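Survey of secondary and tertiary structure
Okay, here's what each chain looks like letter by letter:
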2 protein chains.
Amino acid sequence: MTTPRGAGRPRDPRIEQAALDAARDLLVEVGYQRLTMAAVAGRAGTTKAALYRRWPSLPHLVYEAAFPDELLKDWHLGRELRADLLGIVVGTRDAFTSPVAAAALPGLLAEFSTHPALHNALFSRFAGVAEAIDDRFRAAAEAGEARPTASAQDVLNLMIGAALIGVLVGPETLDDAWAGRITDILTDGIRP
Amino acid sequence: MTTPRGAGRPRDPRIEQAALDAARDLLVEVGYQRLTMAAVAGRAGTTKAALYRRWPSLPHLVYEAAFPDELLKDWHLGRELRADLLGIVVGTRDAFTSPVAAAALPGLLAEFSTHPALHNALFSRFAGVAEAIDDRFRAAAEAGEARPTASAQDVLNLMIGAALIGVLVGPETLDDAWAGRITDILTDGIRP
DNA sequence: ACGATTACGATACGGTGGGGATCGTATTAG
DNA sequence: CTAATACGATCCCCACCGTATCGTAATCGT
């Protein structure tokens, strides 16, 4: 899928990187709405044809530019429930409030309706997270820190949703105090 | 603003209604992305010019079609905190999961970046709601049912965000059990 | 060394849609 | 009767997407 095959001229790897960089720059400069394939190609020093050879459409390119694989990096679950939740809240906030992600998110969400593949790509990342949190909740339930019915999916949706609304309303509201308040509500909200 | 003035041929009021109805129909049938001004005009039995006379752009028309003023209708705050929160959760869910709203929401959110007026229009509706809930929280705090720092804005953002994510992931997950679980978390989350 | 295959830049094209303009006609206030 | 505005119909301009073409360049298998 990533490597085409053995014959023919190989793709110039610098083009892929230049295109992603150009997309990130333009996202911040002009926003998602005014982002065009030709503009990305122009800034990347190549042409549309080379981009369509790599991504099926502009939203796919933007998705890869705004949400690279390393974004949801390793975070560690520990022994204190509130600290674990705070870490996830802060991580989600940081991922959503980066200039590139904040510029790309609303537009990408709109494309999800017509590009199910993108939809799945973004949400499947949180699937593993949900599983880990579910395990953590089970442990917390045994320790008497959480009710047994606590659902990682519900908590995740609340958390991601609040961060998303925050980005739409104004990213400046998503400071550390915000993360603390949200974490407080969620932590107490799943107590037995 | 709504009434033009005294001179000249008055606008045909049936056109405004027909356009909103046509936009609602087309939103459900083809989705936001494939919705065009010409298609709305065609189905409404008029032309683009008549529509641009009434709305400055397609997103404005869609916004008015998907979120009419009566949508956030009167709900009543009572004496039981959880019941009040459940009412707001259910009301928000119902507003977001209507076929028209679910089809329009993602696209509209994307336009908010470029149309601040739309942005303010939607969120200003919740401003009054936030105020009412803040009063309710203060009363709950005095009754010992809520911590004094409970913020209506935080709770609203969590709630709206969760409903929004639900619409994006799959509206079928937003059943009454979902509303109950979310309400449980929020209710316990603001307890003293 | 050589043909097959694929990528490259440059350029062009068809199709679609937004937003506005024009024109002749219709409807209202004063 | 006149000024002002709305109407349907039509036309244009412009931007963009997605694809195609063409000559050239790079890399494979043999």
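Residues numbered from 1 in each chain as written. Chains lettered and ligands numbered in written order. Predicted model: local features only at pLDDT ≥ 70, side-chain atom pairs only at ≥ 80, totals over all residues. Heavy atoms only, no water.

Take the overall build of chain A next. Across its full length, chain A holds 9 helices and 0 strands. Element order for chain A, N to C, with α for helix and β for strand: α-α-α-α-α-α-α-α-α. Expressed along its principal axes, the backbone C-alpha trace of chain A runs to roughly 60 × 40 × 25 Å. When each of the 192 residues of chain A is scored for burial, the buried share is 49%. Here the contacts in chain A between residues at least 6 apart in sequence split such that 69% fall between residues at least 24 apart. Summed over its atoms, the accessible surface of chain A is roughly 9,600 Å², and 54% of this surface lies on carbon and sulfur atoms. Separation of charge centres in chain A, based on 20 positive and 24 negative side chains, amounts to 8 Å. (Helix = DSSP H or I, 4+ residues; strand = E, 2+ residues; numbered from the N terminus. Buried < 20%, exposed > 50% of the residue type's maximum accessible area, 1.4 Å probe, protein only. Contact = heavy atoms within 4.5 Å. Areas by Shrake-Rupley, 256 points an atom, 1.4 Å probe, with all protein chains shown as cover. Lys, Arg positive; Asp, Glu negative; His and termini not counted. Charge placed at Lys NZ, Arg CZ, Asp CG, Glu CD.)

Between chain B and chain A, the contact holds 31 residues from the first and 31 residues from the second. Looking only at chain B, the three residues that lose the most surface to chain A are B:Leu158, B:Ile165 and B:Ile185, adding up to 22% of its buried area. Inspection of the region where chain B meets chain A yields 4 salt bridges. Between A:Asp188 and B:Arg147 there is a salt bridge, with the nearest N and O atoms lying 2.1 Å from each other. Counting the contacts that link chain B with chain A gives 8 residue pairs in polar contact (both at pLDDT 80 or more). Of all elements in the fold, only helix H6 (99-112), helix H7 (116-142), helix H8 (152-169) and helix H9 (176-189) of chain B reach the threshold of two or more residues within the side of chain B that touches chain A. Tallied by class, residues from the side of chain B that touches chain A come to 17 nonpolar, 8 polar and 6 charged. (Buried area = accessible area lost by both parts, 1.4 Å probe. Salt bridge = Lys/Arg side-chain N within 4 Å of Asp/Glu carboxyl O. Polar contact = N/O pair within 3.5 Å; in protein donor to acceptor, adjacent residues only side chain to side chain. Nonpolar A, V, L, I, M, F, W, Y, C, P; charged D, E, K, R; others polar.)

Near DNA strand D there are 23 residues, and of these A:Gly6, A:Tyr52, B:Thr46, B:Arg53 and B:Arg54 occur at the shortest range. Within 4 Å of the protein, the atoms of DNA strand D are drawn from sugar and phosphate moieties in a proportion of 71%. Here a base nitrogen of DNA strand D and a side-chain polar atom of A:Arg9 are 3.3 Å apart. Take B:Arg9: an N or O atom from its main chain is 3.0 Å from a sugar or linking oxygen of DNA strand D. (Near = heavy atom within 4 Å.)

This brings us to the environment of B:Leu186. By the element assignment, B:Leu186 lies in helix H9. What B:Leu186 contacts, discounting residues up to four positions off in sequence, is A:Ile185, B:Leu85, B:Val89, B:Val155, B:Leu158 and B:Met159.

Right, let's get into the relation of the copies chain B and chain A. You can overlay chain B on chain A at an RMSD of 0.0 Å; the transform is a turn of 180 degrees with a shift of 0.0 Å along its axis. The relationship between the two copies is best expressed as a two-fold rotation axis. A share of 100% of the interface residues of chain B reappears at the interface of chain A, consistent with the copies meeting face to face through the same patch. (Least-squares fit on C-alpha atoms with pLDDT ≥ 70 in both.)

A few words now on the nonpolar core. In this structure, A:Phe137, A:Ile190, B:Phe137 and B:Ile190 are the most contacted members of the largest nonpolar core, which totals 130 residues. Setting aside anything within four residues of it in sequence, one finds B:Phe137 in contact with B:Leu81, B:Leu85, B:Ala146, B:Ala150, B:Ser151, B:Ala152, B:Val155 and B:Ile190. (Core = buried A, V, L, I, M, F, W, Y, C linked by side-chain atoms within 4.5 Å.)

Our next topic: the domain arrangement of chain A. All names here are of chain A. Along its sequence, chain A is organised into domain 1 (13-66) and domain 2 (81-189). Taking only C-alpha atoms into account, the centre of domain 1 sits 28 Å from that of domain 2. Residue-level contacts link 11 residues of domain 1 with 13 residues of domain 2. Where domain 1 abuts domain 2, roughly 1,100 Å² becomes buried across the two surfaces, and 77% of that area is made up of carbon and sulfur atoms. At the boundary of domain 1 with domain 2, the tally comes to 0 salt bridges. In this structure, the connection of domain 1 to domain 2 is made through 3 residue pairs in polar contact (both at pLDDT 80 or more). Taken together, the elements giving at least two residues each to the side of domain 1 that touches domain 2 come down to helix H1 (13-30) and helix H4 (58-66). The dominant element in the side of domain 1 that touches domain 2, judged by the number of residues it contributes, is H4, at 6 residues. Taken together, the residues of the side of domain 1 that touches domain 2 break down into 8 nonpolar, 2 polar and 1 charged. (Domains from an automatic or database assignment.)

Okay, the pattern of salt bridges next. Per the stated rule, a full pass over the model turns up 22 salt bridges over all chains. Two residues, B:Arg136 and B:Asp84, come together in a salt bridge whose shortest N-O distance is 2.6 Å. Placement of the pair is B:Arg136 in helix H7 and B:Asp84 in helix H5 (residues 81-97), with a sequence separation of 52 residues. No difference in accessibility class separates B:Arg136 from B:Asp84, as the two residues are buried. Overlapping salt bridges bring together A:Arg93, A:Asp94 and A:Asp176 as one network.

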